[in-house]
Amino acid sequence: MFLDFVSFANVLVSGALTGLVYGLMALGLSVIFGVARVVNFAHGELMAIAMYAAVALFAWLGLDPFLAVAPLAALFFLFGYVFQATVIQPFVTRPDHFQFMLLLAVAIIITNALLIIFGPDARSVRLDSLLESIELGPLLIDRGKLYAALVALLAAAALFVFFRWTLTGAAIRACADNWLGAKVTGLNVKQLYALAFGLGAACVAVAGCMMILLVDLTPGLGPAYTLLAFVIVIVGGLGSMNGALLGGLLIGVSEAMAGLIITPSAKGMFSFALLILVLLFRPRGLWGGRT
């Protein structure tokens, strides 16, 4: 019985640590949707780009993903800002299916471009410093997952501080609450939308740098992460930053439990079962409607 409990506890911790990285990925999607009301169907593909960039920097320059976080986050912020301002902004006032087709086309282009450039073979980054696990009593904690989760938490905390304690963050929140009122008061709504998309893209970059330490990467991983990000934000509550982190934790734990109880290939089944339960009993999400 003790061994069973230890196994359960180890899997639970492992799932929670992975879930924090999931949460940061979904946080980017939640920020973009919550402010600009843009449903980014290329979200997972952007994360795949970040993961491939981390692989390339490690292979060519010997730069490990922890050190690649800052430059990639800055680069993705700039890309997100420009992409929103030049490509997405003209579609903001058009019917929703125009945005859907635009971003779906972008996602398909990214996936196929990654396949052409990097090929179908799986890529990964393995750091010698992360090979040994950390023993904490009966728990055996994967060092890579622990450090990745800590970076994800720091990035999420920085984003929360930005939105809560800075004037620009307050302006973005005002735009999210009432874009017309924000425009009337003189705020540059288009610029705030671009800032929000840039921040969401930066979250994806950080999450991608951490996720490459945990999984093997192929071009097909992008669409899978797009779907996973939508599951997380729906479970947590669309547009809710707290909900994105909570949803990521729950999905990470549910996937880990699926691997322990049934088989690792059943993790998607558990995630979608959780999604169905939330839609049935709390359609607005677990954090929907909360501040």
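Presented here is a report on the structure given in the accompanying data block. A quick note: this is a predicted structure, and the numbers were derived from the prediction, not measured. (Residues numbered from 1 in each chain as written. Predicted model: local features only at pLDDT ≥ 70, side-chain atom pairs only at ≥ 80, totals over all residues. Heavy atoms only, no water.)

### Brief notes about the overall build of the protein
Applied cut-off: The secondary structure listing takes helices from DSSP runs of H or I that are at least 4 residues long and strands from runs of E that are at least 2 residues long, numbered from the N terminus. Only C-alpha atoms enter the radius of gyration; for comparison, a globular chain is expected to reach 2.2 Å times N to the power 0.38, where N is the number of residues. Exposure is judged per residue with a 1.4 Å probe applied to protein chains only, and the accessible area is read against the type maximum: over 50% gives exposed, under 20% gives buried, and values in between give partly exposed.
Summing up its helical and strand segments, the protein has eleven helices and two strands in all. Going from N to C terminus, the protein has its helices and strands arranged as α-α-α-α-β-β-α-α-α-α-α-α-α. The C-alpha radius of gyration of the protein comes to 19 Å, within 12% of the 19 Å expected for a compact globule of 291 residues. Here the protein holds 291 residues, and 47% of them are scored as buried.

### What about the packing of aromatic side chains?
Condition: Only Phe, Tyr and Trp rings are paired, with Trp represented by its six-membered ring, and only when their centres lie within 6.5 Å; those with planes under 30 degrees apart are stacked, over 60 edge-to-face, the remainder tilted. The criterion is that NZ of a Lys, or CZ of an Arg, lies within 6 Å of the ring centre and within 35 degrees of the ring normal, and then a charge sits over that ring.
Scanning the entire structure with this criterion turns up eight aromatic pairs. Between Phe77 and Tyr81 the ring centres are 6.5 Å apart and the planes differ by 45°, which places this aromatic pair in the tilted class. Of this pair, Phe77 and Tyr81 both sit in helix H3 (residues 65-88), separated by four residues, roughly a single helical turn. We classify Phe77 as partly exposed; its relative accessible area is 26%. A residue is classified by how much of its surface remains accessible, and Tyr81, at 25% relative accessible area, is partly exposed. With centroids separated by 5.8 Å and ring planes inclined at 50°, the aromatic side chains of Phe83 and Phe197 adopt a geometry described as tilted. One end of the pair, Phe83, is in helix H3; the other, Phe197, is in helix H8 (residues 189-211), and 114 residues separate them in sequence. Taking the relative accessible area as the measure of exposure, Phe197 reaches 1% and is therefore buried. In this arrangement the basic side chain of Arg94 is found over the ring face of Phe91, its NZ or CZ atom lying 4.6 Å from the centre.

### Re the state of the cysteines
Note the threshold: In what follows, a disulfide is any cysteine sulfur pair within 2.5 Å.
Overall, the coordinates contain zero disulfides when judged by the stated rule. Cysteine Cys175 is unpaired, with the sulfur of Cys203 as its nearest cysteine sulfur at 17 Å. Here Cys203 is not cross-linked by a disulfide; its sulfur's nearest cysteine counterpart is in Cys209, at 12 Å. Taking relative accessible area as the criterion, Cys203 reaches 6% and is therefore assigned buried.

### Let's talk about a nonpolar patch on the surface
Which entries qualify depends on this criterion: What goes into a patch is any residue over 30% in relative accessible area without a salt bridge, connected to like charges within 9 Å or, for nonpolar side chains (Val, Leu, Ile, Met, Phe, Trp, Tyr), within 5 Å. The accessible surface values rely on the Shrake-Rupley method and a 1.4 Å probe; as for residues, cover is taken only from the protein chains in view. When a carboxyl oxygen of Asp or Glu is within 4 Å of a side-chain nitrogen of Lys or Arg, the pair counts as a salt bridge.
Side chains of Phe8, Leu12, Leu260, Ile261, Ile262 and Met269 sit close together on the surface and give an oily, nonpolar patch of about 560 Å² of accessible area. Relative to the elements of secondary structure, Phe8 occurs in helix H1 (residues 2-36).

### Some thoughts on the side chain of Ser240
For clarity, the cut-off: Polar contact criterion, stated in full: a pair of N or O atoms within 3.5 Å, where within protein one must be able to donate a hydrogen and the other to accept it, and residues adjacent in sequence count only if both atoms are side-chain atoms. Contacts are assigned to residue pairs that have any heavy atoms within 4.5 Å of one another.
Here Ser240 lies in the loop between helix H9 (221-236) and helix H10 (241-261). Ser240 gets classed as buried once you look at its relative accessible area, which sits at 10%. Separated by 2.9 Å, the side chain of Ser240 and the backbone nitrogen of Gly243 make a polar contact. What Ser240 contacts, discounting residues up to four positions off in sequence, is Ser30 and Trp287.

### Some remarks on the environment of Val39
Within the secondary structure layout, Val39 lies in the loop between H1 and helix H2 (43-61). Judged by its relative accessible area of 26%, Val39 is partly exposed. Each C-alpha atom of the pair Val39 and Phe230 lies 9.3 Å from the other, and the pair is 191 residues apart in sequence. Apart from residues lying up to four places away in sequence, Val39 is in contact with Phe33, Gln99, Leu103 and Phe230.

Honestly, it's all geometry; don't read function into it.
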